Amino acid sequence: MKLSDVVAFMGHQVHVCRYREAGTLLSWMGRDLRGKRVLDVAGGDGYWAGRARRRGAHAVSIDLARSKMVYGRTLADAPALIECDALRLPFGDAAFDAVLSVCAIEHFDDGGRSLDEMARVLKPGGEIFMSADVLSRADEWPKLRDAHKAKYHVQHTYTHESLRKLMDERGLDLVRHSYQFRTAATERLYLSLSTYGGKVGFNAAAPLAPLVALADRSAPNRQGSIVLVHARKR
């Protein structure tokens, strides 16, 4: 294994939330993706699209961060990496069987327009697997909330209901959803790590991931820091 793959593994999978978040979306997508055309929107270095490629998909990852994509090309199982704007996808209508997007929509000025493009390039019957910041209780900790939003350029937050409405307007039906960091304690942990620890903090807190998952299973599936959704195009 190359050093770049080790670093990517540490950054994406040794993480208190990212592996469970993206891993859940990929599990919903399915283990056998042979022949499927998968697009990862705002996929950075393409790591998660690469996981889809390992399952047999014809995977493409798009982003505007050229340095991340240059790095991504050094990874094993690298997908096709294309530098472009998520609000102006350079693909024809109905070009993909599935769209993946891991915590990206909250960074766009116009989340609806990004969904316009995702829906456009998705074939009828195709599916979207995406996550977004919710920050259900963030107003209880305004300093943490504001620091998180400023640090990660969070323009909007979403719930499964607000995403359901946006998707319904674009011919997409919500199939299922799941919240992560559902309790007040774990949501504060999430905001504290993002504010004070950043990527290093999230990785250092990775041993807490099983405890967060356990807390999530015991809490109602109606609020949290992150929401995951799976939708299908009519």
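Residues numbered from 1 in each chain as written. Predicted model: local features only at pLDDT ≥ 70, side-chain atom pairs only at ≥ 80, totals over all residues. Heavy atoms only, no water.

Peer 1: Mind showing me how you'd approach the overall build of the protein here?
Peer 2: The secondary structure content of the protein amounts to 9 helices and 7 strands. In terms of overall dimensions, the protein is globule-like: its C-alpha atoms have a radius of gyration of 17 Å, near the 17 Å expected for 234 residues. The buried share of the protein, taken over its 234 residues, is 55%. Contacts in the protein between residues at least 24 apart in sequence constitute 76% of all its contacts with a sequence separation of at least 6. Put simply, the protein has 35 plus and 27 minus side-chain charges, and the middle of one group is 4 Å from the middle of the other. (Helix = DSSP H or I, 4+ residues; strand = E, 2+ residues; numbered from the N terminus. Rg over C-alpha atoms; globule rule 2.2 N^0.38 Å. Buried < 20%, exposed > 50% of the residue type's maximum accessible area, 1.4 Å probe, protein only. Contact = heavy atoms within 4.5 Å. Lys, Arg positive; Asp, Glu negative; His and termini not counted. Charge placed at Lys NZ, Arg CZ, Asp CG, Glu CD.)

Peer 1: Any chance you could explain the packing of aromatic side chains here in plain terms?
Peer 2: The way to describe two aromatic rings as a pair is by their centre distance and the angle between their planes. The full count for this structure, using the stated rule, is 4 aromatic pairs. Ring geometry for Tyr-47 against Trp-48: centres 5.0 Å apart, planes inclined by 90°, an arrangement best described as edge-to-face. Residues Tyr-47 and Trp-48 agree in their burial class; the two are buried. One aromatic cluster in this structure is built from Phe-181, Tyr-190 and Phe-202. (Phe/Tyr/Trp six-rings, centres within 6.5 Å; stacked < 30°, edge-to-face > 60°.)

Peer 1: Would you mind going over the side chain of Thr-195 with me for this structure?
Peer 2: On the secondary structure map, Thr-195 appears in helix α8 (residues 184-204). Every residue in contact with Thr-195, bar those within four places of it in the chain, is listed here: Leu-144, Ala-147, His-148 and Lys-151.

Peer 1: I tried to follow the sheet that holds strand β7 (residues 226-233) on my own but got confused; where do I start?
Peer 2: What links the strands of a sheet is backbone hydrogen bonding, and the strands pair in either a parallel or an antiparallel sense. As summarised here, the arrangement of the 7 strands in space is β3-β2-β1-β4-β5-β7-β6, forming an open sheet in which the pairing is mixed. Whereas interior strands pair on both sides, the edge strands pair on one side only; in this sheet they are β3 (80-83) and β6 (172-180). On average, adjacent strands in this sheet sit at an angle of 15° to one another, irrespective of strand direction. Pairing geometry for strand β4 (residues 96-101) and strand β5 (residues 122-133), over 5 bridges, is parallel. By the bridge assignment for β5, Ala-98 is matched with Glu-127. (Pairing = 2+ DSSP bridges. Axes fitted to C-alpha atoms, helices over the stretch in contact; angles between N-to-C directions.)

Peer 1: For this particular structure, what's the right way to read the UniProt feature "domain: Methyltransferase type" (unreviewed entry) in the protein?
Peer 2: Listed under "domain: Methyltransferase type" (unreviewed entry) in the UniProt record, and renumbered for this structure, are residues 39-129. Spanning residues 39-129, this segment combines 29% helix with 30% strand, and its end C-alpha atoms are found 10 Å apart. (UniProt positions renumbered as here; feature names shortened; annotations may be inferred.)

Peer 1: Where do I start with the environment of Phe-96 in this structure?
Peer 2: As for its placement among the helices and strands, Phe-96 is situated in strand β4. Along the sequence, Phe-96 and Ser-61 sit 35 residues apart, while their C-alpha atoms lie 12 Å from each other. When neighbours within four sequence positions are excluded, Phe-96 is seen to be in contact with Arg-37, Val-38, Leu-39, Val-60, Phe-91, Val-121, Leu-122 and Lys-123.

Peer 1: How should helix α5 (residues 111-121) be read in this particular structure?
Peer 2: Since the α-helix packs 3.6 residues into each turn, any two residues three or four apart lie on the same face. Counting buried positions over the 11 residues of α5 gives 8, a clear majority of the element. Along α5, the positions that sit buried rather than exposed are Gly-111, Gly-112, Ser-114, Leu-115, Glu-117, Met-118, Ala-119 and Val-121. The secondary structure elements touched by the buried residues of α5 are β1 (37-41), β4, β5, α7 (160-168), β6 and β7. If you check the start of α5, you find a side-chain oxygen 3.2 Å away from the backbone N of Gly-112, and it comes from Asp-110. (Polar contact = N/O pair within 3.5 Å; in protein donor to acceptor, adjacent residues only side chain to side chain.)

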